[in-house]
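# Coordinate analysis (summary)
Chain by chain, the residues:
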Amino acid sequence: MYKYDEYDQRIVDERVAQFRDQTRRYLAGELSEDEFKPLRLQNGLYIQRYAPMLRVAVPYGLLNSTQIRKLAHIARTWDKGYAHVSTRQNFQYNWPELKNVPDILAELATVEMHAIQTSGNCIRNVTTDQFAGIAPDEVVDPRPLAEIIRQWSTFHPEFALLPRKFKFAVSGSSNDRAVVQMHDIGLEFYRDGSGELLIKVWVGGGLGRTPILGEVIEAALPWQHLLTYADAIIRVYNRHGRRDNIYKARIKILVKALGIEEFKRQVEAEWAHHKDGPNTITQAEFDRVAKFFTAPAYETLTDRDAGIDAKAAEEKAFANWLKRNVHAHKVAGYRAVTLSLKPTGIAPGDISDKQLEVVADLADKYSYGELRTTHEQNIVLSDVKLGDLYALWQEARAAGLATPNIGLITDIICCPGGDFCDLANAKSIPIAASIQQLFDDLDYQHDIGELELNISGCMNSCGHHHVGHIGVLGVDKGDSEWYQVSIGGKQGNDASLGAVIGPSFAADEVAGVVKRLIDVYLENRSVDERFIDTVRRLGHTPFKERVYADRQPGKQKVEA
Amino acid sequence: MSNLIKLQDGHAAIVAADGWQIVRLPVVETEVKKQAGKVVLFKLTGAESATAEQIAGTEVPAGKVLLPLSVWLARKAEFAARVAAGEIGVWLATHELIETLAEDQTDLNVFPVIAVFIERFADGRAYSTGALVRSRFGFKNELRAFGDVLRDQLFFLKRCGFNAYDIRADRSAEDALASLQDFSEPYQGATVIEQPVWRRYARG
Ligand code: HEM
Ligand code: SF4
C-alpha cells in the first residue's frame, strides 16, 4: 500500500491548516455562504438535511487497519457511532459539526488520510476494482497508476473549478469491476502482444439525470502519456464545457454535443502541445510508486483444504457464506473475503465504530492488515488463507459482518435518500429495508442467484439505479413519495442502462413489484441464467405485463 | 493603497498605485437569460462579447489603459502609437479565448499587461486562459486577474501564470497575501513550477 513521504504529508498537513482557516473565516462571517461552498465541497463537506456530511477519501478503495481504527475513533468522537461506505469507495459521516471538521481532518492526516476533492467541481477520488492486485483475471495492477493520478489531480491548479465534478475509474482486468464506462474518464490498462502497457481511454460516461456510457477516445495510449493526455482532455472540457446549466455541465454533454470525432480532434490538437512534457510519467516514477503495491509474503499453500471442505459439508450457513462472500485469488491457497454491510435492517453501507474495530482486527489477524472498500458498499479482506476461513467466518458472524448475500438481491446499493439528503424526492433506505425483509429467506435469495438491485432517491443517481439489473428511483409526485422501477441495467464489460417499466409506484408497493419481476424470472429462466440474462433474452414485455396485470392506474395497488 | 497584489521575483506585495485604468464597455440593456427560473450568469465560450455600438461608444482615456478585447480588435489602428509607448494592455472576459487575441497580435509581449476578468470566482476557465497565455503564447509581462478575485483561489491563479491579483474591493488584500503560500510543494507540473514533485526531488 502507498506510504506517504514528506511531500505527501506536507500537502495534507497544509490542507488541514488551510481549511481550518477557511472554516474560521466562514464562522466569523468573513466568507459568505456562496464563497465557502466550493471550499467546503472540495473538502468533502456537504450540507445535507440535518447536519453536514463529511466524505473522507479512500483512494482507489485501499485502507489499512490503522486507518480503519482512526475512522472508528472519529465515528465515536464526532459522529453518532457509525460511518458509511459510499458507492465511490469513500467513507462518509452523517453527523459531524462544522466547527469540528478541521479537528477531524487533522486526525485523519495523522494516518495519511484526507477529504481532499471528494466533492465539488474538481477531479474526484479515483476508483478501481476492489480485487486489484489479487484478481486471477488481472492483466495489470491498476493501483500504481491510480496513485499517480491521485497525486497529479490533487490541487491541480488548472482544474480546481471545472464546470462540474470529474470522476476517474481505472481497471486492469479482463472483467471490468470498476464500471469504467460510467465515468468521465474510464481507463482500462492492458498489455499488447509485446507486453507493453497500454491504456484504453473512455470519455464522457456518467450517471445522473442523463445517463450515458462513455465512448472510446483512444484505444492504445502508452502509459507514459496518461497524465498529459488527461491534461489535454480536461483542458478542452474546462474551456468549452457548459457552465450555464448545472444539468448539462458534465463532460458527457460536451462529448455528445461535439460528437466523439470532433471532441477527439480537439483533444489531440491540445495534446500535441502537452505530449512529452514534464508530466510524462517516467519508468523511475512508475517504479517508485509501484514498489508500494508489491505482494505480501504469501506462503506456499495448496489450493484445497480438507478441514474447510468438511466444515462446509457440516454447516450450511458456512457453505452459503463460502459461496457468496469468498472470492478467487491469484495465489494458490488464498481467498478474498467480502464482509457484508448489507444485513437486513441496516442502511446499506453503514458500519458501526465497534464493527470497524472488529474489521481492523480481522485485517491484522487474517489479511496482512489491509482491506478495501467496494463500490457496492461492502468491505473486502484481500489476502486470507484458505485454512483461516472458518475462524474468520465465526468472528465476522459474531460482529454481524457475515451475511451471505454478496451479489444477491439483498446486497442492495442504496443512496442516503430522503432520510439524510436535501435533494431527495423520496426516501431510499426504507425501500431497501422493505425489499430485504421480503427476500430475507436465504434459500430463496440463493435460488434467485446473482442480482443487482440499486436504489437512488432522485435523478442524481448516487445509488447507480441506471445500472442495476433492477433499478429503483424516487420521483416527485405532489407531496408523496413515488418510485420508478427499471430493469435491464448492468455494470461491467457489457454495461447497459436500464429501461423504466412503466408508471411509478407508492413506497409500500415497491417490494411487491420486485417480487413479481423475480417471479417472472424464476418461471422463465433456463439453466444457469441470471435475472439479467433472462431480461435480455425475453425483453421487457413479460415483466411489464405481470407487474401491471391487475393494476388500474391510481386504483389497485400491487400486492406482494 | 490599491487592492492590487503583484508578484515580483517570487515576492508578493500590495502595490501603492496601480497606474492602469480598466476601460469598460458602455452598459446596454440586455435580455436577462433564465434557465429553470434562474438567471444564467455564464457566457459560454464563443458567445458574443459586445455590439458594434458598444465598441464604437467606448471612450478610451489618455494614459495607461486596459482595453476590452473587442475594442482592441475593432479599433487597434487608433492605438498604434500608444502601443509603442507601452500604454496599451488588453483584458479578456471569462468566456473569451486568448487565441482570438493571439491570432490578431502574434507577439503578445507588445502589451505590458494582459488581464482576465473573473466574472465569478467559481468559474475556472481563467485558469486555462492563464496557462495558455504563458505556455503557448509566451507572454512574459504582467498577467492580471480582476473582478471576483478572492484569496482562496490565489494559489491556483498563481500556478496558472497569473502574477497580479486585484482583490475584490470589499476584501482585504493584506489578508489575501497569506493564501499565496497555501502549499509549499505541489505535486503536479503546471505553468508555474513546471516539473512535478518527483522530477524536482529524489523521492526515494
Ligand atoms: C447526502 C448528501 C448527498 C448529496 C447532497 C449528494 C448529491 C449528489 C448530486 C447533486 C449528484 C449529481 C451530480 C451530477 O451528476 O451532476 C450526485 C451524484 C452521485 N453521488 Fe451523491 N449526494 C449525496 C450523498 C451520496 C452518497 C452517500 C453516495 C454514496 C453512497 C453518493 C454517491 C454518488 C454517486 C456515485 C454519484 C454519481 C453519479 C455519476 O457518476 O453521475 N452520494 N450526488
Ligand atoms: S440520489 Fe438524490 S437523494 Fe440520493 S443521495 Fe443522491 S442526491 Fe440525495
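For the structure itself, consult the block above.
A brief look at the structure comes next. Being a predicted model, the structure only gives us computed values, none of them experimental.

## Looking at the overall build of chain A
Counting its secondary structure elements, chain A contains 18 helices and 21 strands. A globule of 560 residues ought to have a C-alpha radius of gyration of about 24 Å, and chain A, at 23 Å, matches this closely. Taken over the C-alpha atoms alone, chain A extends approximately 60 × 60 × 55 Å along its principal axes. Relative to its 560 residues, chain A shows a buried fraction of 64%. Sequence separation of 24 or more characterises 68% of the internal contacts of chain A that already satisfy a separation of 6 or more. Summing over all exposed atoms, chain A offers an accessible surface of approximately 19600 Å²; the carbon and sulfur share of this is 51%.

## Here we look at the environment of D550 of chain A
All names here are of chain A. One can find D550 in the segment after α18 (541-548). Given the relative accessible area of 36%, D550 is considered partly exposed. Separated by 3.2 Å, the side chains of D550 and R516 make a polar contact.

## Notes on the site of ligand 1
All names here are of chain A. By nearness alone, 22 residues border ligand 1, and Q92, R164, K165, R250 and C462 come closest of all. R55 is positioned such that a nitrogen or oxygen atom in its side chain is 3.5 Å from a nitrogen atom of ligand 1. At 3.0 Å, a backbone N or O of L207 approaches an oxygen atom of ligand 1.

## Describing the interface of chain B and chain A
Taken together, the contact pairs 45 residues of chain B with 49 residues of chain A. Buried surface at the junction of chain B and chain A, both sides included, amounts to about 4300 Å², of which 54% is carbon and sulfur. In terms of surface lost to chain A, no three residues of chain B exceed F183, Y187 and R203 of chain B, which account for 18% of the buried area on that side. At the junction of chain B with chain A, the criterion picks out 9 salt bridges. Applying the counting rule to chain B against chain A returns 27 residue pairs in polar contact (both at pLDDT 80 or more). Sorting the residues of the side of chain B that touches chain A by element identifies α4 (98-104), α5 (125-135), α6 (154-159) and α8 (197-200) of chain B as the ones contributing at least two each. Sorting elements by how many residues they give to the side of chain B that touches chain A places α5 of chain B first, with 5 residues. Residue composition of the side of chain B that touches chain A, grouped by class: 21 nonpolar, 10 polar and 14 charged.

## Regarding the side chain of N405 of chain A
All names here are of chain A. The residue N405 is located in the loop between α13 (389-398) and β16 (413-414) in this model. Overall, the relative accessible area of 0% leaves N405 in the buried class. If we ignore the near neighbours within four places in the chain, the residues touching N405 are R324, N325, S340, K342, T410, D411 and Q445.

## Thoughts on the nonpolar core
All names here are of chain A. Judged by nonpolar contacts, the single largest core of 160 residues is most densely connected at F91, F168 and I233. Per-element tally for this core: the top contributor is helix α6 (residues 226-240), with 9 residues. Residues I412, Y521, V535 and Y548 belong to the second largest nonpolar core, which totals 36 residues.

Conventions we followed
- Residues numbered from 1 in each chain as written.
- Chains lettered and ligands numbered in written order.
- Predicted model: local features only at pLDDT ≥ 70, side-chain atom pairs only at ≥ 80, totals over all residues.
- Heavy atoms only, no water.
- Helix = DSSP H or I, 4+ residues; strand = E, 2+ residues; numbered from the N terminus.
- Rg over C-alpha atoms; globule rule 2.2 N^0.38 Å.
- Buried < 20%, exposed > 50% of the residue type's maximum accessible area, 1.4 Å probe, protein only.
- Contact = heavy atoms within 4.5 Å.
- Areas by Shrake-Rupley, 256 points an atom, 1.4 Å probe, with all protein chains shown as cover.
- Polar contact = N/O pair within 3.5 Å; in protein donor to acceptor, adjacent residues only side chain to side chain.
- Near = heavy atom within 4 Å.
- Buried area = accessible area lost by both parts, 1.4 Å probe.
- Salt bridge = Lys/Arg side-chain N within 4 Å of Asp/Glu carboxyl O.
- Nonpolar A, V, L, I, M, F, W, Y, C, P; charged D, E, K, R; others polar.
- Core = buried A, V, L, I, M, F, W, Y, C linked by side-chain atoms within 4.5 Å.

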